[in-house]
Amino acid sequence: MPEQRGKRLPAGELVLLVAVLALLAAGGLARWAGSGAEVLWAGATAVAIVPAAVWVTADLRAGRWGTDLLAVLALASCRP
């Protein structure tokens, strides 16, 4: 397996990761405080599902399908 040290995420993917992690963390804090967690977690799901659906659509058009499709279906099914 090739070594991947020094490999960085593309800027868009890094922004996506930070946004989802921030929403999840804020949801955890809101849950601890007693209100608003569901809205923040739904926001994290919405932020994650849009680019994931685009990536899966591109893969399906190219004749590839795999676990990413299952991930999008799982994200879609967990929306409140």
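Structural data are supplied above this passage.
In this report, we go over the structure that sits alongside the text. Nothing here was measured: the structure is a model prediction, and the numbers come from that model. (Residues numbered from 1 in each chain as written. Predicted model: local features only at pLDDT ≥ 70, side-chain atom pairs only at ≥ 80, totals over all residues. Heavy atoms only, no water.)

Within the secondary structure, Leu23 sits in helix α1 (residues 11–33). The spacing of Leu23 and Ala42 is 19 residues in sequence and 8.9 Å in space, taken between C-alpha atoms. Beyond its immediate chain neighbours, meaning those up to four positions away, Leu23 contacts Leu40, Trp41, Gly43, Ala44 and Val47. (Helix = DSSP H or I, 4+ residues; strand = E, 2+ residues; numbered from the N terminus. Contact = heavy atoms within 4.5 Å.)

Structurally, Ala74 can be placed in helix α3 (residues 67–77). The sequence separation of Ala74 and Ala52 amounts to 22 residues, and the corresponding C-alpha distance is 11 Å.

This part is about the packing of α1 against helix α2 (residues 37–61). At a closest axis distance of 7 Å, the pairing of α1 and α2 adopts a crossing angle of 160°. Viewed along their axes, α1 and α2 adopt a mutual orientation that is roughly antiparallel. Crossing angle aside, the handedness with which α1 passes α2 is left-handed. Packed against α1, whose contacting residues are Glu13, Leu16, Ala19, Val20, Leu23, Leu24, Ala26, Gly27, Gly28, Ala30 and Arg31, the element α2 presents Ala37, Glu38, Leu40, Trp41, Gly43, Ala44, Val47, Ala48, Pro51 and Trp55 at the interface. (Axes fitted to C-alpha atoms, helices over the stretch in contact; angles between N-to-C directions. Parallel < 35°, antiparallel > 145°, perpendicular 65-115°, else oblique. Left-handed = near helix turned anticlockwise from the far one by under 90°.)

Moving on, we get to α1. Counted at 1.5 Å a residue, the expected span for α1 with its 23 residues is 33 Å, and the 33 Å between its end C-alpha atoms agrees. Looking only at α1, the buried set comprises Leu16, Val20, Gly27 and Ala30. Buried residues in α1 make contact with α2. (Expected span 1.5 Å × (residues − 1). Buried < 20%, exposed > 50% of the residue type's maximum accessible area, 1.4 Å probe, protein only.)

Further remarks concern the pattern of salt bridges. Summed over all chains, the structure comprises two salt bridges. The shortest N-O distance in the salt bridge between Arg31 and Glu38 comes to 3.8 Å. The exposed category is assigned to Arg31, whose relative accessible area is 53%. The exposure class of Glu38 is partly exposed, given its relative accessible area of 49%. Between Asp59 and Arg64 there is a salt bridge; the shortest N-O distance is 2.8 Å. (Salt bridge = Lys/Arg side-chain N within 4 Å of Asp/Glu carboxyl O.)

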